[in-house]
Amino acid sequence: MQTMALRKICVGLLALALLPSCSFIVGDDWADEEPPDGSIDAALDAAIPDAALDASIDAGPPDATIDAAIDAALPDANLQGITVTSVQPSTPLEEGSTYVLLFTGTNITPAVTVTCADTGVVINQTSKVFSADFQRLAIEVTIPPDGTRPEAAARMVQFSFMQAGTTVMRPAMVQPRDELTLPAGNFNGTLRARYSRVTLSNAVTFRGNGAPIRIVSNGDISVSASVDGSADLGTPGRGGCVGGVNQGGTTAAGCGTSGGSQGSNAPSALAAGQGGAGGGHAAVGSNGSGATGGAMAGDVFLAKLGNAAGDESRGNGGGAGGSGGVGNAGAGGAGGGTIELSAGGTLRIEADILANGGSGSSGTGLLACATAGGQGGGGSGGALLLRAAGGLTVVGSRTLSSQGGAAGAPGSCTNIGGSGSAGRIRIDAPAATLTGLTATPAARRGPMWAASTPLTISGTSQTFTLIGAPSQQYFVVVNDMGAMMPYTTDVAGMVSVPLTGLPLGHFRICALVPGATFNANSEGQNCRTVLAFAP
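Note that the coordinates shown come from a computational prediction; the quantities given were computed from them, not determined experimentally.

(A) Examining the sheet that holds strand β28 (residues 473-478) more closely. The strand order across the open sheet built from 5 strands is β26-β32-β31-β28-β29, with neighbouring strands paired in mixed fashion. Looking along the sheet, the strands with just one partner apiece sit at the ends: β26 (456-458) and β29 (481-488). Taken pair by pair, the neighbouring strands of this sheet meet at an average axis angle of 30 degrees, ignoring direction. Relative to strand β32 (residues 525-533), strand β31 (residues 505-512) runs antiparallel, the two sharing 8 bridges. For histidine 506, the partnering residue across the bridge sits in β32 and is leucine 531.

Here it is in structure tokens:
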């Protein structure tokens, strides 16, 4: 930079300002009126001697200071040479989700304007973060649900970067996700693994043999009509187990050892059969008059859901009564179903959600109690798992219920059945307290990251907030690797999680319930994707 020359020009102008006032005549008369060069030089020397001029220049700010000021005002980046060579994540962007995209290239400055012609992409213009070397840009985008595009029709979108008259493009893939609405009545269909948005505005039941009901949304879930996965007598809720049936046979209850056992058959034609036992789940099922209750099963935090062998966090059936001498046994009630509602956004509840066990039926007999069959045991309650990453909203006073079913009505007979155990309920939400919900049995609280968790952090260190039950230990895993780190919440149900040495770029922080195996079952963990950005 020609700093010294600039200073001399400025000082020269100052010197001219110190001369006696002069008349400047513009036109042909200028040469005639101009004072001789010698008199001007003399006047300058008289006003500011050379030594004083040199001292003034030397006393000015150093060259480095001036250079820094100019550099701050005019960045070195070439505004017309912008390039964008890559975008992360490179996986398709799913409808209903929000992402922080990381664009990499050269000369990406704060002067850039980022747009997308696709109306299915919303860019948060205030979220832009630039690296100091102008090679990276982080920006938040949301892909709203769009029911006009089928899920199979993935599409390419183009992001435009406009800067100083130059426009460059960078493509990204968008994956549509269906929206879910269900008609009133019993649903026997198949659900997709994930939706962009879920609206349950009609009273729906999930009953019959089949897989548990898992409704997962990238965005919001709204429940404005009842959702009922309860068993009906011997018909289970979806994901639950059948009750025992006995018409002189020995059909066992349940899906495994947690089903209630069958009552003993009458030893003679003039005797009564005994009552079946209740199904077990969160506790042991109640005994019948001649049978043992089903064993306690599953995990208190519902870390593993399912209806395959070994997945016992579900409703189990009650045992059938024993056959009477001259009478039929009552059937055992079936187990309540399994319902999971997981929202990446807000979960709004305006109706009851149920997964109760079914009641056992009564035995019959020609001579009433003397030769009657035993009463059927009740099925146990099922499982309810509600997860709301963006927050839980409850309108009015709503009920969550996973109660055990009653045994068959004994009347005056003594061959009674046992009732089913209660099931389990878990709620994960970024709130220290939950209001408006009555849960029977009481709900467990799983861990959830605070709704204010940043999507972008500067550097490789950050403190995150985890919310759950008071004084409860949970576990944290970073970036799908490493040991599970234990953290215990305070009496308000919150704990700070300071993390250092985080990897630059996108990474996941996952909070796990006790008993969960990382990445083995999604219901055991709640994860958040964050971008660690190098300044």
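(B) The arrangement of the environment of alanine 451 in detail. Mapped onto the elements of the fold, alanine 451 is located in the loop between β25 (448-449) and β26. Here the alpha-carbon distance between alanine 451 and isoleucine 467, two residues 16 residues apart in the chain, equals 9.7 Å. If sequence neighbours within four positions are ignored, alanine 451 has contacts with Ala389, Gly390, Pro430 and Arg528.

(C) Examining the sheet that holds β25 more closely. If you trace the 3 strands from one edge of the open sheet to the other, you get β25-β27-β30, paired in antiparallel fashion. Both edges of this open sheet fall to β25 and β30 (494-499), since each of them pairs with a single strand only.

(D) The pattern of salt bridges, seen in detail. Scanning the model with the defined rule gives 16 salt bridges in all. One salt-bridge network, in which partners are shared between bridges, spans Glu94, Glu151, Arg177, Asp178 and Arg192.

(E) The arrangement of the packing of aromatic side chains in detail. Under the criterion given, the structure shown has 4 aromatic pairs. With a centroid separation of 4.9 Å and 75 degrees between ring planes, the pair formed by phenylalanine 103 and phenylalanine 161 is classed as edge-to-face. Here phenylalanine 103 is found in strand β3 (residues 98-106), whereas its partner phenylalanine 161 is found in strand β7 (residues 155-163), with 58 residues between them in sequence. Relative accessible area serves as the criterion here: at 0%, phenylalanine 161 is assigned to the buried category.

(F) Broad picture of unusual backbone geometry. Cis geometry marks the peptide bond from glutamine 88 to proline 89; its omega dihedral reads 0 degrees. As for its position among the elements, proline 89 is in the loop between β1 (83-88) and β2 (93-94). Put simply, threonine 440 and proline 441 share a cis peptide bond, and its omega is 0 degrees. Within the secondary structure, proline 441 is located in the loop between β23 (437-440) and β24 (444-445). A positive phi angle is found at asparagine 107, which is not glycine, with a value near 55 degrees.

(G) Layout of the nonpolar core. Ranked by internal contacts, the top residues of the largest apolar core, which has 29 residues, are Phe206, Ile215, Val227, Leu341, Ile353 and Leu400. Broken down by secondary-structure element, the contributors of at least two residues to this core are β11 (197-200), β13 (213-217), β14 (221-223), β16 (338-343), β17 (346-349), β19 (383-388) and β22 (424-428). What isoleucine 353 contacts, discounting residues up to four positions off in sequence, is Val227, Leu341, Leu384, Leu386, Thr399, Leu400 and Ser401. Core analysis: the next-biggest nonpolar cluster, separate from the first, contains 27 residues, Ile457, Leu499, Ala511 and Val530 among them.

(H) Looking closely at the state of the cysteines. As enumerated under the stated definition, the model contains 2 disulfides in all. The disulfide partner of cysteine 369 is cysteine 413, and the gap between their sulfur atoms is 2.0 Å. Across the S-S bond linking cysteine 369 and cysteine 413, the dihedral sits near -95 degrees, which makes this disulfide left-handed. On the criterion of sequence distance, the pair formed by cysteine 369 in the loop between β18 (353-354) and β19 and cysteine 413 in the loop between β21 (398-401) and β22 is long-range, its members being 44 residues apart.

(I) Region of interest: the side chain of aspartate 428. Locating aspartate 428 in the fold gives a position in strand β22. On the basis of relative accessibility, which here comes to 0%, the residue aspartate 428 falls in the buried class. At 2.9 Å, the side chain of aspartate 428 forms a polar contact with the side chain of asparagine 526. Beyond its immediate sequence surroundings of up to four residues, aspartate 428 is in contact with Leu386, Arg387, Ala388, Arg445, Gly446, Pro447, Met448 and Asn526.

(J) Structural view of the pairing of β11. The side-chain alternation of β11 yields one buried face, formed by Val198 and Leu200, and one unburied face, formed by Arg197 and Thr199. Of the strand pairs in this sheet, strand β9 (residues 179-181) and β11 are connected by 3 bridges, and their pairing is parallel. When the sheet's bridge partners are listed, glutamate 179 is paired in β11 with arginine 197. By the bridge criterion, 3 bridges tie β11 to β14 in an arrangement that is parallel. Its bridge partner being in β14, leucine 200 is matched across the sheet by valine 223.

(K) How the structure looks around a nonpolar patch on the surface. On the surface, a cluster of nonpolar side chains totalling about 290 Å² of accessible area is made up of Val326, Leu366 and Leu367. Considering the arrangement of structural elements, one finds leucine 366 in the loop between β18 and β19.

(L) Representation of the confidence of the model for the protein chain. Confidence along the protein chain averages 84 in pLDDT terms, with 82% of residues attaining 70 or more. Predicted confidence for residues 1-45 stays below pLDDT 50, and this span has 25 contacts to residues more than four positions away or in other chains. This stretch, residues 51-58, has a pLDDT under 50; its non-local contacts, to residues over four places away or in other chains, come to 6 contacts.

Cut-offs used in this document
- Residues numbered from 1 in each chain as written.
- Predicted model: local features only at pLDDT ≥ 70, side-chain atom pairs only at ≥ 80, totals over all residues.
- Heavy atoms only, no water.
- Pairing = 2+ DSSP bridges.
- Helix = DSSP H or I, 4+ residues; strand = E, 2+ residues; numbered from the N terminus.
- Axes fitted to C-alpha atoms, helices over the stretch in contact; angles between N-to-C directions.
- Contact = heavy atoms within 4.5 Å.
- Salt bridge = Lys/Arg side-chain N within 4 Å of Asp/Glu carboxyl O.
- Phe/Tyr/Trp six-rings, centres within 6.5 Å; stacked < 30°, edge-to-face > 60°.
- Buried < 20%, exposed > 50% of the residue type's maximum accessible area, 1.4 Å probe, protein only.
- Core = buried A, V, L, I, M, F, W, Y, C linked by side-chain atoms within 4.5 Å.
- Disulfide = S-S within 2.5 Å.
- Polar contact = N/O pair within 3.5 Å; in protein donor to acceptor, adjacent residues only side chain to side chain.
- Patch = residues over 30% accessible without salt bridge, like charges linked within 9 Å, V, L, I, M, F, W, Y side chains within 5 Å.
- Areas by Shrake-Rupley, 256 points an atom, 1.4 Å probe, with all protein chains shown as cover.
- pLDDT = per-residue confidence, 0-100.

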